[in-house]
Structures are given as C-alpha cells and as structure tokens.
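Spelled out from the first residue to the last, the chains are:
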Amino acid sequence: MSNFTNSSIYELPSRPKLATTALLSSTDTLLAVVGAGIVVHLIYKKHESYEPLVACALLLGVPFGLSALYLPHAGTFAWAALTVVPLFWGSVVTSIVLYRLAPWHPLAGYPGPLLCRVSKLYPAFVSLGGKQHIFYTQLHAKYGDVVRVGPNELSICDPNAVQSTLGNTGLGKGTFWDGRVPFTQPVKPLIAIRDKKEHTRRRRPWTRAFSTDALKGYEEIVIKRSSQLVNLVLAQKSVVNLSDFTSFFGYDIMSDLAFGGGSEMMKAQKDSQGLWHMIEAGQKSATFMSHVPWLGSLLFRLPIGISQLKAFRTYATRRAALRRTGGSSHKDIFHHLMDEDGVATERPTIAEIVSDGGLAIIAGSDTTSSALAHTFYFLMSHPTAYRRLQAEVDALGDSVLNPSKQAHMSYLNAVINESMRLLPPVLTGSNRKDSGGRMLGSHFLPAGNAAFVPIYTLHHDPRNFSPAPDAFLPERWLSEDERQKLEPKIFSNSLDYAHNTNMFIPFSMGPANCAGKNLAYQEMRMVVCLMMRRAELKFAEGYNSEQWIEDVQDFFITLKGPLPVVATPRKGQSAADIGDFI
C-alpha cells in the first residue's frame, strides 16, 4: 500500500516551456511599433480605403500581430497588447497630425483654424448645430477668400475662382456624397456620380424631363396644386403655419410630377407618414457623414444606426419602383427617366431608375418649399416690397396664371431671386475634387485635395452684391432707371452698386447644377402670383420675425422653424375671379 501512496507516482511530466528568446530588444520592438504606425498612416494617405476589412487589418491586425513580437518582454499576451496597441494607435494619430500641420503639407500655405487643419471631425460636429453656413461665412471674414476647412479641403469664395471650380471645365464631384450614399451601392443616384462621363450620360433623361416642352406639359398640375395651396391657406380660420403648408405643397406636387401622384398632404393637412421627420432626421446624420465619409461607409454596413436615413432610402426606392410598375396617367418626370417614349439611344436600367427616387423627392420638394417659405417671410417683413409685387400681379389681369407672362414679370422675379440670394435653398453646397492639380482662379489646388464654394457666403459678399448685401432689396435686380426711381436713397450712387449675377448660384452652376431649376421657378412664380392676387398675409400677433432667420438650419437641405401667418381674402378676389384655369 505504501507504494500506492507514494506521491511520486502521481506526478505528471512538466510542460515544455515556451521559447522566450526575443527577436528584438524591448526598445527596438517598440520602435518597430512606432514605425509600423507611420507606415499605416502612409498607406491610408495613398489609398484612402473605406473598406472595413482593410481597416481591421491595418488598425487591428497589425498592432495585435506586433503584440506577439513584444510578448517575450511582457510575460503575457494581454500585457503585450496593452503596451503595443495604444502605442501603435498613438503613432498613427501623431503621424497624421504632424503631417497635416507640417509646412510641407500641400495645403500648408492656406490659412484656417487649427482644428480644421487637423481633422474634418471638427466641422462635422459644427454641422450638427445646423449653422455651418454661418460658420463658413465667419471663417472667410477672418481668413480671407480661401480657407483651409479640412486637412485636405479648401473653402473658396473668390469670385474669380468660382467658374473654374464649378463651371463646365471645373472640378468633378468630391467625397461629400461618399458619406451620404452607401459605398456598396452598385448604382449611385445621379447627384452622387463622380465620373464626369457617366454623370453626363445619366443626366440626359433629366434634361429631357425639364425641357421646354416637358415644362409646358406640367403647367396644369402646377396650377392645380398652387391653387389648392392658396385655397387651403385661406380656408384656415386661425393662425396657419405657412412653413408646413409650403412643405406639404412641395411634396404633393413632387409626387404628381415625379411619381404620377400618390400624395395628399395638403388635403390631410399633415404628414401622416412621417416623411418630413424621416428626411430631416436622416439629413442631419448624412451631413455629419459627408464630412467624414469613412464613417458613413461603416454605418451603412451595420444593421443598426442612421435608421432614419436608411428608412428614407428604402421609402424612395419603393416609390420609384411602384412608379415603374404602376405607370402614370400623364407624362411625368419618371416618364422621361424611364424613356417611355423610346427616344434614348441607350435605355436606362431598372437600377438606375430606382436609384434616383430619393433625388426626385428631395430635389423636387425641399428646395421649392424652402424658397417659397423664405419668399413669403421676406415679403411680410417688407410691406413696401409686398405692395409693389401685389400691384404687378394685379396688373396681369386675367393672365395671372399664364407661366409665360409670369416669366417676364420683373418685380416678381426680383423678389424670388432676392429671397434665394439671402437664403438659398442649399446654403452651403458640396465639395469638388480632381485627380490632378488645378488652378482655381489665382489659387492652386494640389492633386488629391478638395474644394467647395459656400453659396450663402458668396451671396452675401459685398463684392458681388452691394449696397447692403445682407438686406432684402428686390430693387437691386431691376434696371438702373427702375431701381433709382423706386429707391433713390439707396441706389443713387452707381459707383456703390455691385450686382454680379454670375455669382448668384442658388441652383449651383455648371454640368452638375440643378436640372429642375426651371420647374422650380415655374412653381414658385405660380404660387406667389396666386397668393398675392388672392390673399393678404401678415405675421401672427406676437411673432418675432427675427426668429425665422434664427430657426434656419443647414443640413444640405434647409430645416425651417414655424412661420405663423394670418391669411385673409383680398376684397373682390376669389378663385372664380381668376379665370377658367382653376
């Protein structure tokens, strides 16, 4: 028995010890980690990949692989990783920051805030406040015509550089849309296509959709929906939020003109589907991601996050798909996008048609509704302009609903243009980028860098519009004799007058400008003419009109606050008095 109790027979053979011989000394290993961090920065600088697998390999695989190299000096892998990973990431970040602040950076010669030069995360967080149009205006007031607003991005408001940036021979589209459209989406909407040749091809059906003949075919719908808006506003027995009603109008008429119908927000007097909340919430996150597109690429791949933006894209795709299968009783925009006339040499694919659903909704509704709300706000804030426009509308007589006549109304067009000058529907715009270096006016944009023109800032530049560039003065758009007759105190000195219409770009400019510009003007003229003819508008009692400007928020689209208005019918003016068009 004693043999069995001998503890020696229970002893197991010892495990072989792991090799502890270090390939490098502790110092050399850590220096290798730092060097690897710098190399990873250089790889990202050259390739700028948004692929999560690439990011994982470089930012996780490399440091954890190096942790194994440091293991002999740490004892356990956990301690090795706790030493190596922070050092690696710190080296990457330090290398990035030092390069972006270095005098040899391609944009080092351009001034700008330190935080902007270090990371686009700073302007991205600024954008969440909805006041990036003010932010860029303040930067230009401080730093001049060209401001470095990102590590690799310039904001340019030099009038001599706008054409070469946005014009026919200007820059292609930049990374702005990479963060707003899923990177994995094989067919991008027109507005997000960066290849110039492909953009030209995809834009052709949009050009047909907004041709003179096509616009003529939309007139009946424009008159019908415009009349419905005015009737509903006048039918309200109390204060009406005109901002909501112009939004309802914008979506209803867009639905008619793009998808053959299917929306009656004005009739319901509410957004029962929550579409506007979906658009607004989605555009807030999209604006943030347009500054940091790598984040957008990641979030679009995750099952959670940016749910409103994903929901809107799903909704827009479904509307376009339903229009394709359901058809339309009239020639709408998608009639041309789908080439139902068979005039195109190359018919669009189903994927191309469906991908433009979101573009049709936002471009066809938000921009027009914002411009209309701003126009009525400025008119109510300036009674003299209100009366002058009303007199011009009254002078039309029975031709008040004639789009051709409206197009030649000088004061009407002046009011609309002045409203869009002060508050353009797209306040900031998107960036542009070219593969090679380019001269933008007298400023050189090195290869691989981006630039954009802040529209709001450009419109408020006294070199482009003077006197009083921040004031609502429709008369500035009239002939010299007319403006001096109407406002002699303001426009008596022609030397103080500046009116550079080439710098008036509420619909952008060049080959990527808004294809629906003329339709937007047609809709705005019709609504304003009808409202001026039939209604007397004034702010609700107690409303602080300055609040409207304060509430305006820039998320590429414009978010607006309430516009409480009291509308009363004009004496002797009714729907029946306007003619047989209604």
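Residues numbered from 1 in each chain as written. Predicted model: local features only at pLDDT ≥ 70, side-chain atom pairs only at ≥ 80, totals over all residues. Heavy atoms only, no water.

K.L.:
Help me out: how do you make sense of the sheet that holds strand 14 (residues 564-569) in this one?
P.N.:
In a beta sheet, neighbouring strands pair by backbone hydrogen bonds and run either parallel or antiparallel. Here three strands make up an open sheet; going across it, the order is 4-14-11 and the pairing antiparallel. Here the strands that pair on one side only, and so sit at the sheet edges, are strand 4 (240-241) and strand 11 (535-539). Pairing geometry for strand 11 and strand 14, over five bridges, is antiparallel. Within strand 14, the position partnered with Glu536 by the bridge is Thr568. Here helix 10 (residues 212-235) sits on the sheet and contacts strand 4, strand 11 and strand 14; the angle it forms with strand 14, its principal contact strand, is near 95 degrees. (Pairing = 2+ DSSP bridges. Helix = DSSP H or I, 4+ residues; strand = E, 2+ residues; numbered from the N terminus. Contact = heavy atoms within 4.5 Å. Axes fitted to C-alpha atoms, helices over the stretch in contact; angles between N-to-C directions.)

K.L.:
What am I meant to see in the UniProt feature "transmembrane region" (unreviewed entry) in the protein chain here?
P.N.:
Within the UniProt annotation, "transmembrane region" (unreviewed entry) is assigned to residues 20-44, 53-71 and 77-99. Annotated as residues 53-71, this span is 100% helix and 0% strand, and its ends, taken at the C-alpha atoms, are 25 Å apart. With 100% helix and 0% strand, residues 77-99 has end C-alpha atoms that lie 32 Å from one another. (UniProt positions renumbered as here; feature names shortened; annotations may be inferred.)

K.L.:
Whenever I open this one, the packing of helix 19 (residues 383-394) against helix 21 (residues 410-422) confuses me. Can you help?
P.N.:
Helix-helix packing is characterised by the crossing angle of the two axes and by the distance between the axes. Axis separation between helix 19 and helix 21 bottoms out at 8 Å; the angle between their running directions is 140 degrees. What the angle tells us is that helix 19 and helix 21 run oblique. For helix 19 against helix 21, the interelement crossing comes out left-handed. The residues of helix 21 that touch helix 19, namely those facing Ala385, Arg388, Leu389 and Glu392, are Ser410, Tyr411, Leu412 and Val415. Here the residues of the contact of helix 19 with helix 21 are counted per class, giving five nonpolar, one polar and two charged. (Parallel < 35°, antiparallel > 145°, perpendicular 65-115°, else oblique. Left-handed = near helix turned anticlockwise from the far one by under 90°. Nonpolar A, V, L, I, M, F, W, Y, C, P; charged D, E, K, R; others polar.)

K.L.:
Help me out: how do you make sense of the packing of aromatic side chains in this one?
P.N.:
For any two aromatic rings, the description comes down to two numbers: the centre-to-centre distance and the angle of the planes. For the structure on display, the rule yields 19 aromatic pairs. Pairing Phe491 with Tyr497 gives two aromatic rings, centres 6.0 Å apart and planes at 75 degrees, and the pair type is edge-to-face. Assessed through its relative accessible area of 2%, Phe491 is described here as buried. A relative accessible area of 22% means that Tyr497 is categorised as partly exposed. A connected cluster of aromatic rings, assembled from ring pairs, spans Tyr377, Phe378, Phe472, Phe539, Tyr543 and Trp548. The ring centre of Phe465 lies 5.2 Å from the NZ or CZ of Arg421, which sits over that ring. (Phe/Tyr/Trp six-rings, centres within 6.5 Å; stacked < 30°, edge-to-face > 60°. Buried < 20%, exposed > 50% of the residue type's maximum accessible area, 1.4 Å probe, protein only. Lys NZ or Arg CZ within 6 Å of the ring centre and 35° of its normal.)

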